[in-house]
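Structure at a glance
Each chain, letter by letter, is given below.
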Amino acid sequence: MSNTNIVLGDNQFGKAENHLVKVTKNGDRHTIEDLTVISQLHGDFASAYYDGNNEHVVPTDTQKNTVFAFAKDGVGSPEDFLLRLGQHYVDDFEWVTGGRWAARQVEWDRIPVNGEGHDHSFYRGGSGGETRTAVVKIDGDQQYVIAGLEDLSVLKTTQSGFVGFPVDQYTTLQETTDRILATSVTGRWLYNTTDVDFNASYASVKKILLEVFTNHYSRALQETQYLMGKAVLEAHPEIDEIKFSMPNLHHFVVDFTPYGMENDNEVFWAAHSPYGQIEGTLRRESLGDTDKIWKGVPAFV
Ligand SMILES: O=c1[nH]c(=O)c2[nH]c(=O)[nH]c2[nH]1
C-alpha cells in the first residue's frame, strides 16, 4: 500500500519579470540601468499552503513594488542590489529565513554624436550581445552570490580543429585541423565572499573569457571551455567555481565540387541546429559540496 500522506516539500514564491529601468540624472548627463528581477521568498509558509492562511504571505505584489522602490537609491551592481533587496525581507519579516533573487541586466551604450557619447540617447550595448546575470541566495545568515552572463557570441575563423575521436559505423565526421569555432557562452560563477566590486569583477571575467577564446589552438570546445574557466579562477581568488554551457555552433564548408569550384575554407553554411552542447564546471580542488547553493539556480550541469 502506498503512503497517502501528502506533505509540503520545498517551496518559494514571489514576483517574476519585474523589468526595471533606473535613470540617474547628473544634470543633463543621464545613465541607465536596465534589469529584470525575480524575487522569491523562503521561510515558514506552510500554513498558507495547508490552510489558506495568508498571515505570513508577503504578497507578490508587495515584492514587485519593493523592487522598484529600492531602485530609487540606485542599483550600483545587480549583485549588490539583490543583496540589499533580499536582506530586507530576512531582516524585516521574522518568518522569512531566506530566498532567491535573480536579475538579468542589459547594457545601454551612449549613441556617439560628433565623436562624443550623447547625454541622454542610448543604443543596446554589450559588445558580444550578452546579457549579464546575477543570483543572490540567502539561507539564514548565509548569503551566496552567483554572477554570470548569457549568450556572449564569439567566433574564430581558424586556430581550431577536431581530430582523434572514436569512429564507429555511424561516424561520418571528417577530422579537421582548421575549422571555424563559434559559440555563445553562457556561464555562471560562484563568489566565496560578498565583499567584491561586482562590476569590476564582471568586466574582468568577461575580458578573460574573450582573451582566452582567442589565445590558443583549440583541439575541442571542451578544451577551450576548460582553459577559459581555469583562467578565470586563477585570476580571481574571490571566485570558487564556474559553470558553462556552450553550444558548438557548427559552420560547415559548403561542397563546391558539383559546381567545378574549390572552397578553401571560405564559404560556410552556418547551421542553426542541431548544435553540440558542451557543458562543464571548473572548481577549486579544495572546494566542498556546493550543490545546495546551486539548487534552484538556472544552470546546466
Ligand atoms: O569541439 C568539438 N567537440 C565535440 O565534442 C564535437 N563533436 C563533434 O561532432 N564536433 C565536435 N567539436
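Preceding block: the structure.
Structural notes, computed from the coordinates. Being a predicted model, the structure only gives us computed values, none of them experimental. (Residues numbered from 1 in each chain as written. Predicted model: local features only at pLDDT ≥ 70, side-chain atom pairs only at ≥ 80, totals over all residues. Heavy atoms only, no water.)

Here we look at the layout of surface pockets
Using the following cut-off: Put plainly, a pocket is an open set of points on a 1 Å grid over the protein atoms alone with protein on both sides within 12 Å along at least five of seven lines, a cavity is a set where a 1.4 Å probe fits but cannot get out, and a lining residue has an atom within 4 Å of a point. Grid points are joined across faces, edges and corners, and a volume is the space filled by probe spheres set on the points. Runs of H or I in DSSP of at least four residues are treated as helices and runs of E of at least two as strands, each being numbered from the N terminus. When residue character is reported, Ala, Val, Leu, Ile, Met, Phe, Trp, Tyr, Cys and Pro are called nonpolar, Asp, Glu, Lys and Arg charged, and the others, Gly included, polar.
Its boundaries defined by the atoms lining it, the largest pocket holds a volume of some 560 Å³. Residue lining of the largest pocket: 21 residues in total, with Leu173, Gln174, Thr176, Arg179 and Phe252 positioned closest to the centre. Counting only elements with at least two residues in the lining of the largest pocket, the list comes to helix H5 (221-235) and strand E10 (251-253). With 3 residues, E10 is the largest single contributor of residues to the lining of the largest pocket. Looking at the lining of the largest pocket, its residues break down into 10 nonpolar, 8 polar and 3 charged.

Focus on the site of the ligand
The following threshold applies: The nearness test applies per residue and asks whether one of its heavy atoms lies within 4 Å of the molecule or strand. Each polar contact in these results corresponds to two N or O atoms within 3.5 Å; when the atoms are within protein, one needs to be able to donate a hydrogen and the other to accept it, and residues that are neighboring in sequence are counted only if both atoms are side-chain atoms. Those molecules having more than half of their atoms within 2 Å of a cavity or pocket grid point set are described as sitting in that cavity or pocket.
In the region of the ligand, the neighbouring residues are Phe162, Leu173, Arg179, Ala220, Leu221, Gln222 and Asn248. In this structure, Gln222 approaches the ligand through a side-chain N or O atom, which is 2.9 Å from a nitrogen atom. Asn248 is positioned such that a nitrogen or oxygen atom in its side chain is 3.1 Å from a nitrogen atom of the ligand. Comparing atom positions with the cavity grids shows the ligand to sit within the largest pocket.

Here we look at the nonpolar core
Nonpolar side chains tend to gather and get buried jointly when the protein is soluble and globular. Operational definition: Nine residue types can take part in a nonpolar core, namely buried Ala, Val, Leu, Ile, Met, Phe, Trp, Tyr and Cys, and a core is a set of them joined through side-chain atoms within 4.5 Å. Residue burial is assigned from relative accessible area. The probe radius is 1.4 Å, only protein chains are included, and a residue is buried under 20% of its type maximum, exposed over 50%, and partly exposed in between. What makes two residues a contact is simply this: any of their non-hydrogen atoms within 4.5 Å.
Core analysis: the largest hydrophobic core is formed by 51 residues, its most contacted members being Phe81, Leu82, Leu85 and Trp189. When residues in this core are grouped by element, the largest group, 7 residues, is from helix H4 (residues 198-214). If sequence neighbours within four positions are ignored, Trp189 has contacts with Val145, Ile146, Ala147, Gly148, Leu149, Tyr202, Val205, Ile239, Glu241, Ile242 and Trp294.

Observations regarding unusual backbone geometry
Where the residue is not glycine, phi is negative for most of them; where a peptide bond is considered, it is trans in most cases. In the segment running from Ser273 into Pro274, the intervening peptide bond is cis, with an omega of -10°. Note on placement: Pro274 falls in the loop between strand E11 (268-270) and strand E12 (276-283). Backbone geometry places Gln159, a non-glycine residue, at a positive phi of 65°. Mapped onto the fold, Gln159 is located in the loop between strand E7 (142-156) and strand E8 (181-191).

Considerations on H5
Our working definition: By this rule the span expected of a helix is its residue count minus one, scaled by 1.5 Å.
For H5, spanning 15 residues, the distance from its first C-alpha to its last is 21 Å, which sits close to the expected 21 Å at 1.5 Å a residue. Residues Leu221, Glu223, Thr224, Gln225, Met228, Gly229, Ala231, Val232 and Leu233 constitute the buried set of H5. Its buried side turned inward, H5 meets E8, H4, strand E9 (239-248) and E12.

Some words on the sheet that holds E9
What counts here: Paired strands, in this sense, are two strands between which DSSP finds at least two bridges. Every axis corresponds to a line fitted to the C-alpha atoms, with the helix fit spanning only the stretch in contact, and the corresponding angles, defined between N-to-C directions, vary from 0 to 180 degrees.
Taken in spatial order, the 8 strands line up as E1-E2-E3-E6-E7-E8-E9-E12 in an open sheet, and their pairing is antiparallel. Two strands in the sheet have a free side with no partner beyond their single neighbour: strand E1 (13-26) and E12. Each neighbouring strand pair of the sheet contributes to a mean axis angle of 15°, computed without reference to strand direction. Both strand E3 (residues 96-106) and strand E6 (residues 131-139) contribute to a ladder of 8 bridges, which runs antiparallel. In the sheet register, Gln105 faces E6, and the bridge partner there is Arg132. Strand contacts of H5: E8, E9 and E12, with the helix running at about 155° to E9, the strand carrying the most contacts.

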